Amino acid sequence: MRFAIFITICSLVTSCSNKFEQVVNSEEDYQIIPKPVTLEMSNGRFLVDSDTKIQYDSDLKNEGSYLAEMLSLATGNTIVSSADTDQGTIMLKLDNTITNEEGYTLSVKFDKIIIAGKTAKGVLYGIQTLRQLMPSSIEKGQVAELTIPAVHITDSPRYQYRGMHLDVARHFYDVDFIKKYIDLIAMHKMNTFHWHLTEDQGWRIEIKKYPKLTEIGAFRNGTIVGHHPGTENDNKKDGGFYTQEQIKEIVAYATKRHVTVIPEIELPGHSSSAIAAYPYLSCFPKEPTVVTNDMMSEKSKELQAAGTPKVVQETWGVFNDVYCAGKEETFTFLQDVLDEVIPLFPSTYIHIGGDECPKENWKRCPNCQSRIKKEGLHDEHELQSYFIQRIEKYLNAKGKQIIGWDEILEGGLAPNATVMSWRGTKGGIEAAKQHHDVIMTPGHSCYFDHYQSKDKDNEPLAIGGKTTVKDVYAYEPTPKELAADEQKYILGAQGNVWTEYMGTTDHVEYMILPRMTALSEVVWSTKASKDWDDFKWRLEHFKNRYDNLGLNYAKHTFKSE
Ligand code: ACM
Ligand code: ZN
């Protein structure tokens, strides 16, 4: 009799705890982007409720807290994470048998979830996959009964560099948006944020030794209206900058999400804002800044009439007024700036620009010409190479490596430079053949400032071009021109977001989504698994997550492909 009662209670308990054990899942339950390397579906679902506890290896506190926060928001319960409990039904652990530094395994059973990574970064990626196995409404915290389908996944990225760039100089975006951007990068298992901080139209990073960089250089007195060259000047002061404290806050935030922040301090071109602040950096400090087609703001015209020739640029394009390569003061200034930049960014890389530097001023500048003679250089291209190599040497001595746009190939590549190939793939191919590391960002596939459909009339103003989500998805970062032993120099790829025509954060979101989602699969998933129809099917599902995260995205691109 007692035995019979025991059996009954036991079977009751068993049937309670096993309510989800036999649930049959379908392919619909596993729509993950980027597509994992292997995924085995099985039956049963794990219930997340108030009894769920997360147990983590002691080095995974950050990841435990991240997941606890996600599940707490999703369920409305406080989900605890701890290193000390032995009652964890979700376990996060490090596993040395995983070979890829960013790799992970994820096992979900009806009564246990285990996420293992070679490193904490891999564990975070496992959590991002787990997130996508949950309904997109978790992003808003609206799930009454949250269950996760059983699965076994092994996963690792195809490329080590998976980046998103953002130009915060043509338009400035606040700290909260930068954090949101970093969250998006992490959600897509991308790992690098290339932060374009200085430009003709604005200097965005506080440099204590040169306060005018932000007092003067961070603001312009107006901006052209419409597509370049524009119809008029809006005569509105525009700008902003990040204090060093804010930069530290953002870098710390990114570090928690395993996103490396690479700052770009552009040189020798695209330097009008620095020159407006410190005119001696120009070859010709007394020559007034020119805004093409007489589109200068009233305020800047007044300043120039009153004897201030240099102003922050108000139109878009490429300008002749660049850093003087002849004066020693230019190098002192840039080294001082870099001395303040270096401690703010743990990244090994610093991007030094190098693109679109006209040589007109250097050709007529006595200082630049005497530098050419003194250094035995042949022409202004070699002068640019001298400039870049000098900065590289300075940064290498401080333990940093440079990345430059592919123009740094002209006149001779700096010995340790990594090349970012943007004018198509030619520069990347050439650099890889010279055994330099390369990051691919060719305009046709990776420029998210382009229009994204055939129907430009139904899109907001963009710089030009056309790069559809399908074009991005079709991109193959490793050029076929490279021999097998040269392919290893292709570190990965990046989406570039130049923001001349993106005055709001909503607009930035619209331009990157869904193209960034396509790129995330290009740089993570295996080449063999590429399948546009399958991706499109998963993207339809993924867009619900955009909706629940309150993100703006290019909805029409779902119809047009
Ligand atoms: C670039 O788009 N000028 C690198
Ligand atoms: Zn000069």
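As the structure is a prediction and not an experimental result, all values here were calculated from the model.

### Points about the overall build of the protein chain
Then, number 1: Helix and strand counts for the protein chain stand at 19 helices and 23 strands.
Then, number 2: Expected size for 561 residues packed as a compact globule is a radius of gyration near 24 Å; at 26 Å, the protein chain falls within 12% of this value.
Then, number 3: Each principal axis of the C-alpha atoms in the protein chain carries an extent, and together these give about 105 × 50 × 45 Å.
Then, number 4: Every one of the 561 residues in the protein chain was classed for burial, and the buried ones make up 58%.
Then, number 5: Pairs at least 24 residues apart make up 72% of the contacts formed inside the protein chain by residues separated by at least 6 positions.
Then, number 6: Element-wise, carbon and sulfur atoms account for 52% of the exposed surface of the protein chain, whose accessible area totals about 22400 Å².
Then, number 7: Here the protein chain holds 62 positive side-chain charges and 78 negative ones, and the gap between their average locations is 1 Å.

### Considering the layout of surface pockets
Then, number 1: For the largest pocket, the calculated volume is near 420 Å³.
Then, number 2: In terms of lining residues, the largest pocket is bounded by 15 residues, among which Tyr66, Arg131, Glu139, Asp183 and Leu549 are the most central.
Then, number 3: When contributions to the lining of the largest pocket are tallied by element, the ones reaching two or more residues are helix 2 (61–75) and helix 4 (175–187).

### Quick look at the sheet that holds strand 1 (residues 38–48)
Then, number 1: Across the sheet, which stays open at both edges, the seven strands sit in the order 1-7-5-6-4-2-3 with mixed pairing between neighbours. Looking at which strands have only one partner, the edges of the open sheet turn out to be strand 1 and strand 3 (80–82). Along the sheet, successive strands turn relative to each other by an average axial angle of 20 degrees, direction set aside.
Then, number 2: Pairing between strand 5 (residues 104–109) and strand 6 (residues 112–117): six bridges, direction antiparallel. Residue Tyr104 lies in a different strand from strand 6, and its bridge partner there is Gly117.
Then, number 3: Contacting strand 4 (90–94), strand 5, strand 6 and strand 7 (146–155), helix 3 (residues 120–133) crosses the sheet at an angle of about 40 degrees to strand 5.

### Considerations on the pairing of strand 19 (residues 418–421)
Then, number 1: Burial along strand 19 is two-sided: Thr418 and Met420 facing one way and Val419 and Ser421 facing the other are all buried.
Then, number 2: Here three bridges tie strand 18 (residues 401–405) to strand 19, and the two strands are oriented parallel to one another. When the sheet's bridge partners are listed, Trp405 is paired in strand 19 with Met420.
Then, number 3: Here strand 19 runs beside strand 20 (residues 438–440); their pairing, made up of three bridges, is parallel. Within the sheet, the bridge partner assigned to Val419 lies in strand 20 and is Val438.

### Let's talk about the sheet that holds strand 8 (residues 161–167)
Then, number 1: The strand order around the closed barrel formed by eight strands is 8-9-16-17-18-19-20-23, and the pairing between neighbours is parallel. Across the sheet, the axes of successive neighbouring strands diverge by a mean angle of 30 degrees, strand direction being ignored.
Then, number 2: Together, strand 16 (260–267) and strand 17 (349–353) form the strand contacts of helix 9 (residues 328–341), whose direction differs from that of strand 16 by roughly 170 degrees.
Then, number 3: Relative to the sheet, helix 13 (residues 426–433) contacts strand 19, strand 20 and strand 23 (490–495), its axis offset from that of strand 19 by approximately 160 degrees.

### What to know about the coordination of the zinc ion (ligand 2)
Note on metal sites: the ideal angle is 109.5 degrees for four tetrahedral donors, and 90 or 180 degrees for six octahedral donors.
Then, number 1: At this site the zinc ion (ligand 2) is bound by Cys283 (SG), Cys324 (SG), Cys365 (SG) and Cys368 (SG), with donor distances of 2.3 to 2.4 Å.
Then, number 2: Relative to the metal, the four donor atoms surrounding the zinc ion (ligand 2) lie at angles of 106 to 113 degrees, and the coordination shape comes out tetrahedral.
Then, number 3: Binding-site remark: the zinc ion (ligand 2) is held by donors from one chain whose sequence spacing is C-x40-C-x40-C-x2-C. Taken together, the residues span a long stretch of sequence, with Cys283 in the loop between helix 7 (272–277) and helix 8 (298–305) and Cys324 in the loop between helix 8 and helix 9 at a distance of 41 residues.

### Some details on the pairing of strand 23
Then, number 1: Of all six residues that make up strand 23, six are buried, and the element is covered over most of its length.
Then, number 2: As paired elements, strand 8 and strand 23 share four bridges and run parallel to each other. Looking at the pairing, Arg162 lines up with Ala493 of strand 23.

### Side note on the environment of Glu392
Then, number 1: Within the secondary structure layout, Glu392 lies in helix 12 (residues 380–397).
Then, number 2: Owing to a relative accessible area of 2%, Glu392 belongs among the buried residues under this scheme.
Then, number 3: For the pair formed by Glu392 and Ala518, sequence separation is 126 residues and the distance between their alpha carbons is 34 Å.
Then, number 4: Apart from residues lying up to four places away in sequence, Glu392 is in contact with Ile402, Ala414, Pro415, Asn416 and Ala417.

### So, the pattern of salt bridges
Then, number 1: In the structure shown here, the tally under the stated rule is 30 salt bridges.
Then, number 2: A salt bridge links Lys179 to Glu249; the nearest nitrogen and oxygen atoms lie 2.6 Å apart. Taken together, the positions of Lys179 in helix 4 and Glu249 in helix 6 (residues 244–256) put the pair 70 residues apart, joining distant regions of the chain.
Then, number 3: For Lys179, a relative accessible area of 18% gives the class buried.
Then, number 4: Taking relative accessible area as the criterion, Glu249 reaches 37% and is therefore assigned partly exposed.
Then, number 5: If you follow the salt bridges from partner to partner, you end up with Lys35, Glu521, Asp534 and Arg538 in one network.

Reading the values: the criteria
Residues numbered from 1 in each chain as written. Chains lettered and ligands numbered in written order. Predicted model: local features only at pLDDT ≥ 70, side-chain atom pairs only at ≥ 80, totals over all residues. Heavy atoms only, no water. Helix = DSSP H or I, 4+ residues; strand = E, 2+ residues; numbered from the N terminus. Rg over C-alpha atoms; globule rule 2.2 N^0.38 Å. Buried < 20%, exposed > 50% of the residue type's maximum accessible area, 1.4 Å probe, protein only. Contact = heavy atoms within 4.5 Å. Areas by Shrake-Rupley, 256 points an atom, 1.4 Å probe, with all protein chains shown as cover. Lys, Arg positive; Asp, Glu negative; His and termini not counted. Charge placed at Lys NZ, Arg CZ, Asp CG, Glu CD. 1 Å grid on protein atoms, 1.4 Å probe; cavity = no way out; pocket = protein on both sides within 12 Å on 5 of 7 lines; lining within 4 Å. Points joined across faces, edges and corners; volume = space filled by probe spheres on them. Pairing = 2+ DSSP bridges. Axes fitted to C-alpha atoms, helices over the stretch in contact; angles between N-to-C directions. Donors = N, O, S within 2.8 Å, 3.2 Å for Na, K, Ca; no water. Tetrahedral: all angles 85-135°; square planar, octahedral: opposite > 155°, others 65-115°. Salt bridge = Lys/Arg side-chain N within 4 Å of Asp/Glu carboxyl O.

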